Every structure is written in structure tokens, then in C-alpha cells.
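What follows is each chain in one-letter form.
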Amino acid sequence: MRIAYIPPMYSYVTVTDTEPQLARTNAIKLHGPEGFAGMRAAGKLAASILDALDDIIKPGITTGAIDDIVREMTLAGGAYPATLNYRGFTHSCCTSINHVVCHGIPGEKKLVEGDIVNVDVTPVLDGWHGDTNRTWGVGNVPIKARKLIEVTLECLEAGIAAAKPGAHLGNIGAAIQRHAEKHRYGVVRDFCGHGVGRLFHDAPEVVHAARAGTGPELKPGMFFTIEPMINIGRADVKLLDDGWTAVTRDRSLSAQFEHSIGITETGCEVFTASLRG
């Protein structure tokens, strides 16, 4: 039996973005112009790394080689990879193939024709985290895989469209859930988006299946990720023995897209938008 998700109680705090923020609390941080500038720069670098992978992700490349490229580009951009040595994770990105939902570990595995693969990167530039990911089809992929990728991207776009001041956090999850379930896909509940900024993971939690009108009110200055994980089959996942890799329980395909955004006075700003459009 699944226990109903009970959101934590949140407060709001206006922060000075020139000062380090070392501890996570249940206070949602409201950032000013310095924070927006910092996240734009980190997000731009993150987007450029994923853009470069468009030309790299092909049959035959190993996930370890992708990790090397991500690390080299991150360092060349004056940043460092947030995942490198994060809680024992020893790589610069996550690479999740086919039925791997998230947090796949790079290694010697080669991508083959028909795979789908998600690459999740987070360069930390001048203390700001640009957290983003995309899912690619490797070579010619089956129609069902292409459709999953397309719908998952549409789910992210629906969530972003719902992110505006005066709305509630639950509106984002409701929009994602509605679009995914229209296509009879499962929305993963075990992982969620999160506050981001000077901390890698901060308040609030951003669930991708929710009821509109619930959760904290969205206010200008909030920074967080939206990162729906959508399964062709059931929403259930399990964690492998490595302690990181999450897979679908029914071995069905899973796709994910992620952006880091900031709530503005009139809507939201996507910090990690592709530079190639």
C-alpha cells in the first residue's frame, strides 16, 4: 500500500545572495537580482554541456566517455560537477538508460541503436548550481520510445507553464500528471524536483503528481527544479544494490527532462534553456 504524500510545512525567507548558504531548512528562499544573475550563468553553462552532447550521443559511445566529456566541459567552463564525490557518487553526471529512471552510474556500458538515455548534469559556477537533464534517442529508436520522450518533454513544458506567482506548487504536479496520464503513462512519485541555488538540494520539494491549489504559494524569487520522470508502464520503481540506480519495477522504459527555473513577477525564467533552441 502506498502511503499518501504529506508535504512538509514551509516558511519563506528573503536571502542575501552574496553570502554562502550552507544548511538546508524548510524555509523557501526568495532570491534577488544577484541570485538570478548567478543562476543564469550556471544554467547557461549546463545547457551548453547538454547541447554539446547532441553531437556525441550515438551508438557505440560508453556512458563513461559521456561522463568524461561532461567533466571536461564543466571544468573548462570554470565550474565543478556537483555530483562528483557527492555522498559517495564518484562521477560528474548521471547516465540512465532505458528502464533506469534516474541516477544511473557511468561506466563501460556502450549505447546501442534503439536505446534511450538520460544525462543529468549540475555544474556549480561561482557557487550557483545549474541543474538540468535531457533524454535522447540513440540512433533509430522504436515509435513507442519516441512517443515517451516527446510526452515527457511536454510534461515538463506543462509544469513550467503552471509555474507563476500566485499559483501553488501543486499546480505544477497536477499539470504534469494530467498530461502523462492522458497518454496512460505512470508518473514516478519516489523522486521529485527541489529547491536549487547555492545549495544543490533545498526546499521546497516539487512533486510531479499533485492536486492543483495545494502546497505553498509560488512567490517571486523562488528557485527550483521541475524534473518529471515518466514511465511507459507503472509508476513503481526500485533501488538497485549500488544504492544509486533507480529502475522501473516492471522493466518498462522511463524518460526524464529537467530545468532549473526562477519565479518572476510575471511568470518564470528558465535558467537552463537550450542555447540551440
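Residues numbered from 1 in each chain as written. Predicted model: local features only at pLDDT ≥ 70, side-chain atom pairs only at ≥ 80, totals over all residues. Heavy atoms only, no water.

Q: So, the pattern of salt bridges: which residues are in play, and what are the values?
A: All told, the structure shown has 9 salt bridges when counted by the stated rule. Measuring nitrogen to oxygen at the nearest pair gives 2.6 Å for the salt bridge that ties Glu269 to Arg40. Of this pair, Glu269 sits in strand β19 (residues 268-270) while Arg40 sits in helix α1 (residues 33-53), placing them 229 residues apart in sequence. The salt bridge involving Asp67 is made with Arg71; its shortest N-O contact spans 3.3 Å. Of the two residues, Asp67 and Arg71 are both situated in helix α2 (residues 63-76); the distance of 4 residues between them amounts to about one turn of the helix. With a relative accessible area of 25%, Arg71 lands in the partly exposed category. One continuous salt-bridge network, built from bridges that share partners, spans Asp54, Asp55 and Arg276. (Salt bridge = Lys/Arg side-chain N within 4 Å of Asp/Glu carboxyl O. Helix = DSSP H or I, 4+ residues; strand = E, 2+ residues; numbered from the N terminus. Buried < 20%, exposed > 50% of the residue type's maximum accessible area, 1.4 Å probe, protein only.)

Q: I'd love a proper account of the packing of aromatic side chains, names of residues and values included.
A: Under the criterion given, the structure shown has 6 aromatic pairs. Seen in terms of ring centroids, Tyr86 and Phe200 are 5.1 Å apart; in terms of plane orientation they differ by 65 degrees. Their pairing is edge-to-face. Here Phe200 lies in the loop between β11 (193-195) and β12 (202-206) and Tyr86 lies in the loop between β3 (80-81) and β4 (94-97), a separation of 114 residues in the sequence. Given a relative accessible area of 22%, Tyr86 falls into the partly exposed group. Ring centres of Trp128 and Phe223 lie 6.5 Å apart, and the angle between their planes is 70 degrees; this geometry places the pair in the edge-to-face category. Here Trp128 is found in strand β8 (residues 128-129), whereas its partner Phe223 is found in strand β13 (residues 223-226), with 95 residues between them in sequence. Looking at Trp128, the relative accessible area reads 4%, which means it is buried. Clustering of aromatic rings is evident, with ring pairs tying together Phe36, Trp128, Phe223 and Phe271. The ring of Tyr12 carries Lys219 above its face, with NZ or CZ at 4.0 Å from the centroid. (Phe/Tyr/Trp six-rings, centres within 6.5 Å; stacked < 30°, edge-to-face > 60°. Lys NZ or Arg CZ within 6 Å of the ring centre and 35° of its normal.)

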